[in-house]
Amino acid sequence: DEKFGEYLYMTSSGYDSIEIMEKGVNKWQGLLELSKFLGIDTNEIAAIGDSHNDIPMLKEANLSFAMGNADQNLKDLAKFTVADNNSTGILEAVDKILIYNKENPSV
């Protein structure tokens, strides 16, 4: 990390994997590019994740969800924690997003 830290972003999507990318390349940057292409305001982005490679998008998204099977540090970072990825976590997140959109129609 000392030798390449200024050039590379290193993360993990699980206990048995490592991801090495050019610095500034992460899931949040991908969401920004996609939202720009689709004409979606960044305030309308919701993100859900369960691993360290999800940290940038959970930090930046207006609505962020940690899966129930995520590390505690991700749960602490996210605005909401939902059930795990083998259960109803995605459904819970979608329900919260729909409620949020009804309560905040200008978003």
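For the structure, check the block above.
Read on for an overview of the structure. All residue numbers refer to position in the chain's written sequence, counted from 1. Totals for whole chains, interfaces and linings use every residue, but because this is a predicted model, local features are given only for residues with pLDDT of at least 70 and side-chain atom pairs only at 80 or more, for both listing and counting. Each side-chain value is worked out from all heavy atoms of the structure, with water and hydrogens disregarded.

## Re the overall build of the protein
Secondary structure elements are defined from DSSP: runs of H or I of at least 4 residues count as helices, runs of E of at least 2 residues count as strands, and each element is numbered from the N terminus. Broken down by element type, the protein carries four helices and five strands. Overall, the protein shows an N-to-C arrangement of helices and strands of β-β-α-β-α-β-α-β-α. If you line up the protein on its principal axes, its C-alpha atoms span 50 × 30 × 20 Å. The buried share of the protein, taken over its 107 residues, is 26%. The contact criterion used throughout is that any non-hydrogen atoms of two residues lie within 4.5 Å. Contacts spanning at least 24 positions in sequence make up 26% of the contacts within the protein whose residues lie at least 6 apart. Partly exposed residues are those whose accessible area sits between 20% and 50% of the maximum for their type, while under 20% is buried and over 50% is exposed, using a 1.4 Å probe and protein chains only.

## Some thoughts on the sheet that holds strand β5 (residues 80–81)
Spatial ordering of the open sheet is given by β3-β4-β5, a layout of three strands whose pairing is parallel. Only two strands of the sheet have a single partner each, and these edge strands are β3 (46–49) and β5. Two strands qualify as a pair provided that DSSP identifies no fewer than 2 bridges between them. Here strand β4 (residues 63–66) pairs with β5 via two bridges, running parallel. Opposite Ala66, over in β5, you have Thr81 as the bridge partner. Only C-alpha atoms enter the line fits that serve as axes; for helices the fit covers just the stretch in contact. Angles between N-to-C directions range over 0 to 180 degrees. Sitting on the sheet, helix α4 (residues 89–103) is in contact with β3, β4 and β5, with an inclination near 160 degrees to β4.

## Examining a nonpolar patch on the surface
Taken together, the side chains of Leu34, Phe37, Leu38 and Ile40 define a hydrophobic patch exposed on the protein surface, amounting to about 430 Å² of accessible area. As for its placement among the helices and strands, Phe37 is situated in helix α1 (residues 27–38). Here Phe37 falls in the exposed class, since its relative accessible area comes to 71%. Here a patch means residues that are over 30% exposed by relative accessible area and free of salt bridges, tied together within 9 Å if like-charged and within 5 Å if nonpolar (Val, Leu, Ile, Met, Phe, Trp, Tyr). Per-residue and other accessible areas were derived by the Shrake-Rupley procedure at a 1.4 Å probe size, with only the shown protein chains allowed to occlude residues. Just to be clear on terms, a salt bridge is a Lys or Arg side-chain nitrogen sitting within 4 Å of an Asp or Glu carboxyl oxygen.

## Examining the pattern of salt bridges
In this structure the tally under the stated criterion is one salt bridge. Where Asp54 meets Lys27, a salt bridge forms, and the shortest distance between an N and an O atom there is 2.7 Å. One end of the pair, Asp54, is in the loop between β3 and α2 (55–60); the other, Lys27, is in helix α1, and 27 residues separate them in sequence. Among the residues examined, Lys27 registers a relative accessible area of 37% and is labelled partly exposed.

## Looking at the packing of aromatic side chains
Note on aromatic contacts: the rings of Phe and Tyr and the six-membered ring of Trp form a pair at centre separations within 6.5 Å, being stacked when their planes are under 30 degrees apart, edge-to-face when over 60 apart, and tilted otherwise. Counted according to the given criterion, the structure contains one aromatic pair. With 5.3 Å between their ring centres and 20 degrees between their planes, Phe65 and Phe80 make a pair best called stacked. With a gap of 15 residues between them, Phe65 in strand β4 and Phe80 in strand β5 connect regions that are remote in the sequence.

## A closer look at the side chain of Ser35
On the secondary structure map, Ser35 appears in helix α1. By relative accessible area, Ser35 is classed as buried at 5%. In this structure the side chain of Ser35 is engaged in a polar contact, spanning 2.9 Å, whose partner is the backbone oxygen of Leu32. With sequence-adjacent residues up to four places away left out, Ser35 is seen in contact with Ile40, Thr42 and Ile45. Between N or O atoms, a polar contact is any pair within 3.5 Å; within protein, one atom must be a potential hydrogen donor and the other a potential acceptor, and residues adjacent in sequence are included only when both atoms are from side chains.

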